[in-house]
Amino acid sequence: MSWLARHRRLAFAAICTLWTGVVFVGHFFPTLPFISMPWRGEQSFEDTLRREGRKTAARDDFIFLGIDQQSEQLDAVGSEEIAGNRAFELMTERPFPWSREIWVLLLDRLFGAGARLVIFDLVFNNPNDGDPAFRAALDRYQDRVVVGMNIDTQNNTQIVLPNAQLIPSPAQTDDRVGFVNYWNDEIDGKLRAARFFTSERQLAGVAPVSGDEVFTSMSARVLTKLGRSADIPQDQRDHLFRFSSNDAYPPFPLWQVFHPAFWKANYADGAIFKDKVVIVGASSQIRHDFIVTPLNPATPGPAVHLQVMAATEAHEFLRQTPTRVMLGLVLLAGIIGWGLIPFLRRPILSLFSLIAIAVIYLAIGRLAYDRSGFLLASVPVLSTLLLCGVSTLGIDYAIERMEKLRTRRTLERYVSKNLVKEILENPRGYYNSLTGSRIPATMLFSDIVGFTTLSEKADEKELVRQLNEYLTAMTDVVFQNDGTLDKFIGDGIMAVWGNVKSQGVTKDAKAAAHAALGMRRELLRLNNGWKTEGRMTLGMGIGINHGEVLAGNIGSQDRADLTVIGNAVNLAARLEGLTRVYGMDILVGTAAADLIRDEFHLRSVARAQVKGTTEPVDVFTIVEARTAALDQELLIWLETYEEGICRFRDRDFTLGKILFSRFLEFYPEDSLARMYLERSLEYEKTPPDEAWNAVEVFEKK
């Protein structure tokens, strides 16, 4: 991980190169699973633009007459209405396809109403009744009618033409005949493009050559008759076009054209067809003339013809991003994904920048589609950008986390763990605390008893090793109890509760007391281990005090420490020194004792006035936590000891002597009780003056 941190940019470049290469491979090998997904997704994205983006405006001069279910069954018309109506008679005398006389009637009615052009999206390939009359009508309206032919690619590319009784051979060259086919996408079967010209060589997968017989589409025939041949692309390529909305050309039922009441009510006696282009084709489900498009999985074929013609007249063709440009954009996305994260070096800003770039790019793609019909390559480009960006961002975040963890561990070797946590997790609060403030805090000072003498006798390397073991164990106890390691003072430790983050004065004081007991237990464990190894054992003194202190970043301009100063701090240090005088390993000041006595068994030690103070304090030692398993007999005799202290301070030295003697009968090694017994005997013989108040004054530190 350290190598990765040092060569961050090189590692990011390798990752981005990998992802860019994967996207490149997907373009050249579209059948590969997973790898080709961005390119397959591009088509789906383009379909989304077709659905959500701008549409080709619907032409109000295009009308779709649909051969629907009602037209085929004619069950909405009564027998009386059928009688005498030649069209209805032809539609009921046999199922579809009807006698072609009906198309003669339709052409006469539509052109009589002023229709501009009529298109039959039908292939009249088989002979049928009424063909002579229909041929006469097709000849009569030759410049205003178009019929379909079909190119059957399923059966060795057969050309299905109208029968020769309608249009003589070669029908495919007649300007009234155009192929009705569209070639859907081979991958998903959707129609996205229109082909206006084709040839048998092209259909066979062979490049067209000059001299090939070229077939013309029905749309091209219609546009030519409308005088818009200049709008038709003069090649054999498939042209992507902009669709109209799904409801642009709803089918009007064919049978209503022949019904007098509907002709008048719905078609204004034919006025609606004046100057209109009318396409006639199937709209019923049973005819299956539906085409799958990006907008609708069941678009009627005749409506597609109208959409193609509308798009062609409006020049609404779509252009895809050229391959070279597309691959160049993918490469550029990889470069941006590589450079963005190392340049910004802020994870949140980098993430929002990636999102912003993606959103802006998508907005540009939408504008390009709506304004100019340009399909800007998006999914492969954004896939590359996001894959590179998110990967590098993730690795950069991991590197930062590792570096932060390494920094944290390094700092914790020199600074208290809770202070490091506060600096890293709440830097603003920490920096505010550096300005200095008066706060209540609990201080703990610990020191090795007689270390100076020991250091003169012991081997230097061995002493340093033993001292490091001792300090490591003691500081671990401080950290376990949420204390701040203020500093090491030679072989001594200064710890504080409440300066960096307080849990409340009572909890802070109790945490300090638990830490003192933990240090007592750790020293016992260490000494037992050192004894078995033949090394010297150590003694320890601990002083605890609580009070108001000045906390802040104190020191010179070049070197400062977050520490606490004040009389309460000094008293804690003096109490640590008094542990030698009273033979107790832990001494607690009055303020701290008042906060912890409900959770700890305390024992009165003395009433002392240390150097630098004007008021005496009651000093206590911690016997053990109340939750610990203690000898109940000891607790009972400690009550005798405490009664003796009270009598001693009340100048009743005789009773005090008796009480201390009783205590010593059971605990003869107790130095504190022995000290008070000796003083009681002394004061019993020679009482102190009237000013005596049981306070011991210490002039030295």
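Above this text sits the structure in question.
Let us look at the structure shown here. All values reported here derive from a predicted model rather than from experimental measurement.

### A few points about the nonpolar core
Ranked by internal contacts, the top residues of the largest apolar core, which has 50 residues, are Leu 65, Trp 103, Leu 106, Leu 107, Phe 120 and Phe 273. When contributions to this core are tallied by element, the ones reaching two or more residues are β1 (62-67), α6 (86-93), α7 (101-112), β2 (117-120), α8 (131-140), β3 (145-152), β5 (177-179) and β11 (277-282). Per-element tally for this core: the top contributor is α7, with seven residues.

### Concerning unusual backbone geometry
Residue Phe 96 is joined to Pro 97 through a cis peptide bond whose omega torsion reads 10 degrees. Within the secondary structure, Pro 97 is located in the loop between α6 and α7. Between Ser 169 and Pro 170 the backbone carries a cis peptide bond, its omega angle lying at -5 degrees. For Pro 170, the location among the structural elements is in the loop between β4 (158-160) and β5. Notably, Leu 74 is not glycine yet its phi reads approximately 55 degrees, a positive angle. Residue placement: Leu 74 occurs in the loop between α4 (69-73) and α5 (79-82). Residues other than glycine seldom take positive phi values, yet His 315 does so here, at roughly 55 degrees.

### Some points on helix α20 (residues 505-532)
Over its 28 residues, α20 extends 41 Å from the first C-alpha to the last, a length consistent with the 40 Å expected when each residue adds 1.5 Å. Backbone geometry just downstream of α20 places Gly 534 in the positive-phi region, at approximately 80 degrees.

### A short note on the packing of aromatic side chains
Enumeration according to the criterion identifies 30 aromatic pairs in this entry. Summarising the aromatic geometry, the rings of Phe 179 and Trp 183 are spaced 5.7 Å apart at their centres and angled 70 degrees between planes, so their arrangement reads as edge-to-face. As far as burial versus exposure is concerned, Phe 179 and Trp 183 are alike and both buried. Where Tyr 641 meets Phe 663, the ring centres are 5.7 Å apart and the plane angle is 50 degrees; that geometry is what we call tilted. Remark: Phe 663 occurs in helix α24 (residues 653-666) and Tyr 641 occurs in helix α23 (residues 632-649); sequence separation between them is 22 residues. Joined through ring pairs, the aromatic side chains of Tyr 641, Phe 648, Phe 653, Phe 660, Phe 663, Tyr 667, Tyr 676, Tyr 683 and Trp 692 make up one cluster. One residue, Arg 603, lies across the ring of Tyr 641, its end atom 4.1 Å from the ring centre.

Rules used in this analysis
- Residues numbered from 1 in each chain as written.
- Predicted model: local features only at pLDDT ≥ 70, side-chain atom pairs only at ≥ 80, totals over all residues.
- Heavy atoms only, no water.
- Core = buried A, V, L, I, M, F, W, Y, C linked by side-chain atoms within 4.5 Å.
- Buried < 20%, exposed > 50% of the residue type's maximum accessible area, 1.4 Å probe, protein only.
- Helix = DSSP H or I, 4+ residues; strand = E, 2+ residues; numbered from the N terminus.
- Expected span 1.5 Å × (residues − 1).
- Phe/Tyr/Trp six-rings, centres within 6.5 Å; stacked < 30°, edge-to-face > 60°.
- Lys NZ or Arg CZ within 6 Å of the ring centre and 35° of its normal.

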